[in-house]
Amino acid sequence: MPAISRDEVAHLARLSRLALTDAELDEFAGQLDSILSHVKVVTEVATGDVTPMANPNAVTNVTRPDVVVPGLTPEQALSGAPAVEQDRFAVPQILGEAE
């Protein structure tokens, strides 16, 4: 006995607002029946002694420790800037914004 009938496929198609031909209904009914049969086989696998896990490999985050190092002084950071104003990069005005 099939896991899904042609009428059920037609009902799902209507719910999904899909216009399927009779040939497509027959084809999809067979494909969905095959999928559901395979899912049934997978659910029958004995998993009582298997620990649930997201990944079978032991995964650890590879990170380095944070080390505080001295940064640039404002003068060093601005030394290559084409224009400086009040210890900041000066850039051209855009979009006609007022100051």
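The rules behind these values
- Residues numbered from 1 in each chain as written.
- Predicted model: local features only at pLDDT ≥ 70, side-chain atom pairs only at ≥ 80, totals over all residues.
- Heavy atoms only, no water.
- UniProt positions renumbered as here; feature names shortened; annotations may be inferred.
- Helix = DSSP H or I, 4+ residues; strand = E, 2+ residues; numbered from the N terminus.
- Rg over C-alpha atoms; globule rule 2.2 N^0.38 Å.
- Buried < 20%, exposed > 50% of the residue type's maximum accessible area, 1.4 Å probe, protein only.
- Areas by Shrake-Rupley, 256 points an atom, 1.4 Å probe, with all protein chains shown as cover.
- Lys, Arg positive; Asp, Glu negative; His and termini not counted.
- Charge placed at Lys NZ, Arg CZ, Asp CG, Glu CD.
- Axes fitted to C-alpha atoms, helices over the stretch in contact; angles between N-to-C directions.
- Parallel < 35°, antiparallel > 145°, perpendicular 65-115°, else oblique.
- Contact = heavy atoms within 4.5 Å.
- Nonpolar A, V, L, I, M, F, W, Y, C, P; charged D, E, K, R; others polar.
- Core = buried A, V, L, I, M, F, W, Y, C linked by side-chain atoms within 4.5 Å.
- Salt bridge = Lys/Arg side-chain N within 4 Å of Asp/Glu carboxyl O.

An unreviewed UniProt entry lists the chain under the name Aspartyl/glutamyl-tRNA(Asn/Gln) amidotransferase subunit C, with Rhodococcus triatomae as the source organism. Turning to the chain, the UniProt record has this under Subunit (unreviewed entry): "Heterotrimer of A, B and C subunits."

**A few points about the overall build of the chain**
Summing up its helical and strand segments, the chain has three helices and two strands in all. Listed by position from the N terminus, the elements making up the chain come as α-α-α-β-β. Rg of the C-alpha trace for the chain: 32 Å, well past the compact-globule value of 13 Å for 99 residues, more than 25% over. In terms of overall dimensions, the chain has a C-alpha envelope of 80 × 50 × 20 Å along the principal axes. A buried classification covers 8% of the 99 residues belonging to the chain. Surface accessibility of the chain: about 9300 Å² in total, with carbon and sulfur atoms responsible for 58%. Of note, the chain has its 6 positive side-chain charges centred 7 Å away from the centre of its 15 negative side-chain charges.

**Here's the deal with unusual backbone geometry**
If you check the backbone angles, Arg17 has positive phi at about 60 degrees while not being a glycine. The backbone of Asp87 sits at a positive phi, close to 60 degrees, despite the residue not being glycine. Residue Asp87 is classed as exposed on the basis of its relative accessible area of 60%.

**Side note on the packing of helix 1 (residues 6-15) against helix 2 (residues 22-43)**
Direction vectors running N to C along helix 1 and helix 2 enclose 110 degrees, while the axes themselves pass 9 Å from each other. Put simply, helix 1 runs roughly perpendicular to helix 2. Across from Arg6, Val9 and Ala10 in helix 1, the residues of helix 2 making contact are Asp22, Leu25, Asp26, Phe28, Ala29 and Leu32. Considering only residue class, the contact of helix 1 with helix 2 consists of six nonpolar, no polar and three charged.

**Quick look at the nonpolar core**
If you look at the biggest cluster of nonpolar residues, it comprises five residues: Ile4, Val9, Ala10, Leu25 and Ala29. Of all elements in the fold, only helix 1 and helix 2 reach the threshold of two or more residues within this core. Not counting residues within four places of it along the chain, the set of residues in contact with Leu25 comprises Arg6, Val9, Ala10 and Leu20.

**Brief notes about the pattern of salt bridges**
In the structure shown here, the tally under the stated rule is two salt bridges. Between Arg6 and Asp22 there is a salt bridge; the shortest N-O distance is 2.9 Å. Highlighted residues: Arg6 in helix 1 and Asp22 in helix 2, separated in sequence by 16 residues. Overall, the relative accessible area of 54% leaves Asp22 in the exposed class. Between Arg6 and Asp26 there is a salt bridge, and its shortest N-O distance comes to 2.6 Å. In this pair, Arg6 is assigned in helix 1 and Asp26 in helix 2, connecting sequence segments 20 residues apart. Classification of Arg6 by relative accessible area gives partly exposed; the value is 30%.

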